[in-house]
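Residue-level listing of the chains:
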Amino acid sequence: MSLLSCLLSNEKISVKTKNKLITNTQSKNLLLKSEYINNKKDFIALNFSNNNLDSDIDVCKASEIIVNFIGDITNRSELIKILNLRKDVTNSSIINHAYKKWGYSFPVRIYGFFSIIIYNSKERKLIIVNDHLGSKPIYYYKSANAFLVSSKIKTILNLIKIKEANNSRIRDYFIFFNGKPGETFFSNIFRLEPGSLMIYQNNKILKEKYFDYDLSKKTIYKNDEEYEENFRELFLNTISSLSYAAGEAKIGSSLSGGLDSSSITCALKHLDKNVIPQSVLFEGLTDNDYKITNERSYVDDVSKKYDLNTNHIPLINDGCISEYPKAVKYNDEPPSLINGYIHSAIFENLKNNNINILFDGYDGDTTVSHGYEHLFELGRKFRLIKLYKEYSDIHMLQGIHNPKFLKAIKQYCIKSYIPKKIFWLKDKHFTGSMIPLKWYKRLDKNKISPPEYKEILKNYNGLPIPNLYSRDSQYAHYLDVINPTIEMSLNLINHNASEYGIDIKFPFMDRRLIEFCLSIPSNQKLRNGVS
């Protein structure tokens, strides 16, 4: 993980302020790598990363453009060819050239996981950009005299005088869990939304969304083999580009026994990387709980196939409750990762073994999709024979014979045509099972206002009711991909990783991979009961 901070002020930046910026952004395992201060000393850019990471500050003296970059570019080789650059060029220099060639349209051409700050000194203008998921958090604060940007809220809090809680975000946390786009738990401190470009000039902010998934894209191949081959090529290219800078250094990979982490581990070995899998063992459990959680046999299968030296990390009486004091200490906002303690154990083990890169299979099932939205597509089109076959096959594989098909018709054919307002009124006045209503019942009604219908639609992109889809399967998959919980989780995992000096990578979250999986037919994601 790498971090950045920058400050543009109407006054000369003091040494004391500079030191505050450094002290509050860095951690004991992630120190200052490079810095830039202009001649007037009213602008400062700081970059914090491990020496082997391709995150840095690039300064073009001719154009007086400064780029502060952290992260990875997964289409790096293509950009190098288009921009006619050397193979050993830094990522920050690639961004500098891309900005000069394409202007404000450059971000959509950059694939990867990143936060970017560009300072145009001649125009005294800041341009802030993040990736399609907002995976590396970037926060900002504007006052009458200064504009402050950082990877950490703590950095901003320690440089401003007035610190106030954002009651709107606190209320949303207890009802919706996620907040409104761009909000933080602190008033006047904001998070840049995913896929955004922001310009700051003359004490004014202009924001625009430079990226969203194009649902008009449809990928159709002749047969299954072509879908498989194209996915494999994209997947291997993503892992290759994310691991290129590591060279022969050791690379950690989370290995849980699931398909997503297993495929990443196998791909790294296939690419001749020095991969050291990290597998957590849950010990001290009852026999029944141990059977449920034990996937050691799957981990061993992968290890044996490639003769891997897997690190087994025992967890005894560890969990989200015991992790909470540490999580509160490390995080700037209320920590919300239920499984964060697993990452912490892996990060600690990596640090003790001098490994600072980890590949993680986070949410691969969301990118690829479980495929159950295919049932809704069949139901909405009343293709009852195919629906019956898929529904029966799914239940057969679960050991259930003769499933009730009327239930399937009700769930997949009829439900999506009922107006959402009817579900809302029914749940509000009778069942009360909808999550925000359920959570609101536990709160002090005198202090927190109840959730409203339109507010819930906006927050969840629909009603949070299982098996309720009003459009095609591609749109249902899209809603899963843009779920704000993904941004929140990636932010928290990255933040936690930075405390240990670990650079964590999420191949399944790559934009090209997500775009591909969104564009293919739903029968490629669910067929004959197999998701």
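Further up the page is the structure itself.
Residues numbered from 1 in each chain as written. Predicted model: local features only at pLDDT ≥ 70, side-chain atom pairs only at ≥ 80, totals over all residues. Heavy atoms only, no water.

**Student:** Just checking my understanding: could you explain the overall build of the protein for this structure?
**Tutor:** Helix and strand content of the protein: 21 helices and 17 strands. Here the C-alpha radius of gyration of the protein, 24 Å, is about what a compact globule of 531 residues would show, namely 24 Å. C-alpha atoms of the protein, sized along the principal axes, occupy 75 × 60 × 50 Å. When burial is assessed residue by residue, the protein has 55% of its 531 residues classed as buried. Of the contacts made within the protein by residues no fewer than 6 positions apart, 67% connect residues no fewer than 24 positions apart. Of the roughly 25800 Å² of accessible surface on the protein, 52% is carried by carbon and sulfur atoms. (Helix = DSSP H or I, 4+ residues; strand = E, 2+ residues; numbered from the N terminus. Rg over C-alpha atoms; globule rule 2.2 N^0.38 Å. Buried < 20%, exposed > 50% of the residue type's maximum accessible area, 1.4 Å probe, protein only. Contact = heavy atoms within 4.5 Å. Areas by Shrake-Rupley, 256 points an atom, 1.4 Å probe, with all protein chains shown as cover.)

**Student:** Would you mind going over the sheet that holds strand β5 (residues 65–73) with me for this structure?
**Tutor:** Across a sheet, strands are paired by hydrogen bonds formed along the backbone, either parallel or antiparallel in direction. Strand order in the open sheet made by the 6 strands is β4-β5-β6-β7-β11-β12, with antiparallel pairing throughout. A strand with exactly one partner marks an edge of an open sheet, and here the two such strands are β4 (56–60) and β12 (204–209). Ignoring which end each strand starts from, the neighbouring axes of this sheet average 15 degrees apart. Pairing of β4 with β5 involves 5 bridges; the strand directions are antiparallel. Residue V59 lies in a different strand from β5, and its bridge partner there is I66. Relative to the sheet, helix α3 (residues 91–102) contacts β4, β5, β6 (112–120) and β7 (125–130), its axis offset from that of β5 by approximately 120 degrees. (Pairing = 2+ DSSP bridges. Axes fitted to C-alpha atoms, helices over the stretch in contact; angles between N-to-C directions.)

**Student:** Explanation requested: helix α15 (residues 405–414) in the structure shown.
**Tutor:** Along an α-helix, residues three or four apart share an orientation, since each turn contains 3.6 residues. F405, A408, Q411, Y412 and C413 are the residues of α15 that are buried. Angular distribution of buried residues about the axis of α15 spans 165 degrees; they occupy a single face of the element. Those residues of α15 that are exposed and aimed more than 90 degrees away from the buried face are L406, K407 and K410. Buried residues along α15 sit against α13 (373–380) and α14 (384–397). (Arc of directions from axis to C-beta.)

**Student:** I keep staring at helix α21 (residues 511–519) and nothing clicks. Help me out?
**Tutor:** Taking burial as the measure, the 9 residues of α21 include 9 buried ones, the bulk of the element. Each element contacted by the buried residues of α21 is listed here: α2 (76–83), α6 (224–243), α12 (364–368) and α19 (473–481). For α21, the capping residue at the N-terminal end is D510, with a side-chain oxygen 3.2 Å from the backbone nitrogen of R512. (Polar contact = N/O pair within 3.5 Å; in protein donor to acceptor, adjacent residues only side chain to side chain.)

**Student:** Any chance you could explain the nonpolar core here in plain terms?
**Tutor:** Buried together is how nonpolar side chains tend to be arranged in soluble globular proteins. Counting 103 residues, the largest nonpolar core has I95, F106, I116, I118 and I189 as the members making the most contacts within it. By residue number, the principal contributor to this core is helix α11 (residues 340–352), which donates 6 residues. If near-sequence neighbours (up to four positions away) are discounted, I189 is found in contact with Y139, Y140, Y141, I153, I156, L157, I160 and T184. Of all hydrophobic cores here, the second largest spans 20 residues; its members include L4, Y140, V149 and Y200. (Core = buried A, V, L, I, M, F, W, Y, C linked by side-chain atoms within 4.5 Å.)

**Student:** What should I look at first to understand the side chain of S369 in this one?
**Tutor:** The residue S369 is located in the loop between α12 and α13 in this model. Polar contacts involving the side chain of S369 include one to the side chain of E373, which spans 2.7 Å. Filtering out sequence-adjacent residues up to four positions away, S369 remains in contact with G364, H477 and K525.

**Student:** Before we go on, may I ask you to explain the packing of α19 against α21 in this structure?
**Tutor:** Helix packing for two helices is described by the angle between their axes and how far apart those axes are. It is at 9 Å that the axes of α19 and α21 come closest, and there the two elements cross at 155 degrees. Considered as vectors, α19 and α21 are oriented roughly antiparallel to each other. Residues Q474, H477, Y478 and V481 of α19 lie in contact with α21, whose contacting residues are I514, C517, L518 and S519. For the contact of α19 with α21, the per-class residue count stands at 5 nonpolar, 3 polar and no charged. (Parallel < 35°, antiparallel > 145°, perpendicular 65-115°, else oblique. Nonpolar A, V, L, I, M, F, W, Y, C, P; charged D, E, K, R; others polar.)

**Student:** I would appreciate a short explanation of the pattern of salt bridges in the present structure.
**Tutor:** Side-chain pairs of opposite charge can arise whenever the charged atoms involved come near each other. For the coordinates displayed, the defined rule picks out 21 salt bridges. A salt bridge links E123 to K125; the shortest N-O distance between them is 2.6 Å. The class of E123 is partly exposed, set by a relative accessible area of 39%. Exposure remark for K125: the relative accessible area of 6% places this residue in the buried category. (Salt bridge = Lys/Arg side-chain N within 4 Å of Asp/Glu carboxyl O.)

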